[in-house]
Amino acid sequence: MAVYLNDHLAGAGSGVSLIRRMARTHRGTPAGPPLAELAAEIAEDRESLREFMTALDVPAQWPRVAAGRLAEKAARLKLNGRLVKRSPLSDVLELEAMRLGVEGKASMWRSLRVLAVTDSRLDLAAVDRLLARAGRQASALEALRVEAARRTFATPAVAPAPARAHGRSSRHGVPGRARWAS
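How each quantity is defined
Residues numbered from 1 in each chain as written. Predicted model: local features only at pLDDT ≥ 70, side-chain atom pairs only at ≥ 80, totals over all residues. Heavy atoms only, no water. Salt bridge = Lys/Arg side-chain N within 4 Å of Asp/Glu carboxyl O. Helix = DSSP H or I, 4+ residues; strand = E, 2+ residues; numbered from the N terminus. Buried < 20%, exposed > 50% of the residue type's maximum accessible area, 1.4 Å probe, protein only. Core = buried A, V, L, I, M, F, W, Y, C linked by side-chain atoms within 4.5 Å. Contact = heavy atoms within 4.5 Å. 1 Å grid on protein atoms, 1.4 Å probe; cavity = no way out; pocket = protein on both sides within 12 Å on 5 of 7 lines; lining within 4 Å. Points joined across faces, edges and corners; volume = space filled by probe spheres on them. Nonpolar A, V, L, I, M, F, W, Y, C, P; charged D, E, K, R; others polar. Expected span 1.5 Å × (residues − 1).

Examining the pattern of salt bridges
Phase 1: Throughout the structure, instances matching the rule amount to 14 salt bridges.
Phase 2: Notably, a salt bridge pairs E44 with R133, separated by 2.9 Å at the nearest N-O pair. Of the two residues, E44 sits in helix α2 (residues 32-55) while R133 sits in helix α5 (residues 124-153), which places them 89 residues apart along the sequence.
Phase 3: Exposure remark for E44: the relative accessible area of 43% places this residue in the partly exposed category.
Phase 4: Its salt-bridge partner being E142, residue R99 comes within 2.7 Å of it at the nearest N-O pair. Within this pair, whereas R99 is found in helix α4 (residues 88-116), its partner E142 is found in helix α5, the two being separated by 43 residues in sequence.
Phase 5: One continuous salt-bridge network, built from bridges that share partners, spans E44, D45, K105 and R133.

This is the structure we're talking about:
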């Protein structure tokens, strides 16, 4: 139990750091308010985890938590095609990472719920509230991710290329079929 909860605490620290940075980056944009709200909730969820750990007499292993924070900072060094400024791809990747983190957190709440049914040290109603909130957070992150993907990957309509002399309408002989789909 100690390893499990400390791993989640480390992940929660990374998640809080990432979502706060995302909220700061998008301050003044339509994504700013929902990201700020998510940042506050996710920080509260981390505190709830700490409270559950205390109730279960599970001490925080701070080196593990620090390693999680360092991992989040190292993840910022991804190759995104831009050296100086932020890539729109960063939004998509960060929202995907946060969505995965929230799904992992929901799994942890479900595991703690199993324990809370028989262990009075855990408040079953509180676990249920946290689990429901994780579902709302996942939905909000997914909506933001879809919008970021639309902005990043959607291209304006392009007129089709003229047919080639051999009667083919694309490079690979199948209209509209990308090479990787062959």
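Examining the environment of S17
Phase 1: Mapping S17 onto the fold places it in helix α1 (residues 2-25).
Phase 2: In this structure, the C-alpha to C-alpha distance between S17 and I42, residues 25 residues apart in sequence, is 9.9 Å.

Overview of unusual backbone geometry
Phase 1: Residues other than glycine seldom take positive phi values, yet D57 does so here, at roughly 60 degrees.
Phase 2: Residue placement: D57 occurs in the loop between α2 and α3 (62-75).
Phase 3: A residue is classified by how much of its surface remains accessible, and D57, at 64% relative accessible area, is exposed.

Some thoughts on the nonpolar core
Phase 1: Core analysis: the biggest nonpolar cluster contains 37 residues, and L5, I19, L35, F52, W109 and L112 have the highest contact counts within it.
Phase 2: Among the secondary structure elements, those contributing two or more residues to this core are α1, α2, α4 and α5.
Phase 3: L5 has contacts with L49, M53, L56, V58, M108 and L112, leaving out every residue within four places of it along the chain.

Focus: the environment of E142
Phase 1: The class for E142 is partly exposed, based on a relative accessible area of 23%.
Phase 2: Taking the C-alpha atoms as reference points, E142 and R99, 43 residues apart in sequence, are found 6.9 Å from one another.

Some remarks on the side chain of R46
Phase 1: Take R46: it is sitting in helix α2.
Phase 2: Here R46 falls in the buried class, since its relative accessible area comes to 13%.
Phase 3: Not counting chain neighbours up to four residues away, the residues in contact with R46 comprise L9, A12, G13, V16 and R20.

Notes on the layout of surface pockets
Phase 1: Volume-wise, the second largest pocket comes out at about 180 Å³.
Phase 2: Forming the boundary of the second largest pocket are 14 residues, of which H26, T29, A31, E147 and R151 lie nearest the centre.
Phase 3: Elements represented by at least two residues in the lining of the second largest pocket include exactly α4 and α5.
Phase 4: When residues of the lining of the second largest pocket are assigned to their parent elements, the largest contribution, 4 residues, is made by α5.
Phase 5: Counted by class, the lining of the second largest pocket contains 7 nonpolar, 2 polar and 5 charged residues.

Concerning α2
Phase 1: Over its 24 residues, α2 runs 35 Å from end to end, which matches the ideal 34 Å to within 8%, given 1.5 Å per residue.
Phase 2: Directly after α2, the chain includes D57, whose backbone phi takes a positive value near 60 degrees.

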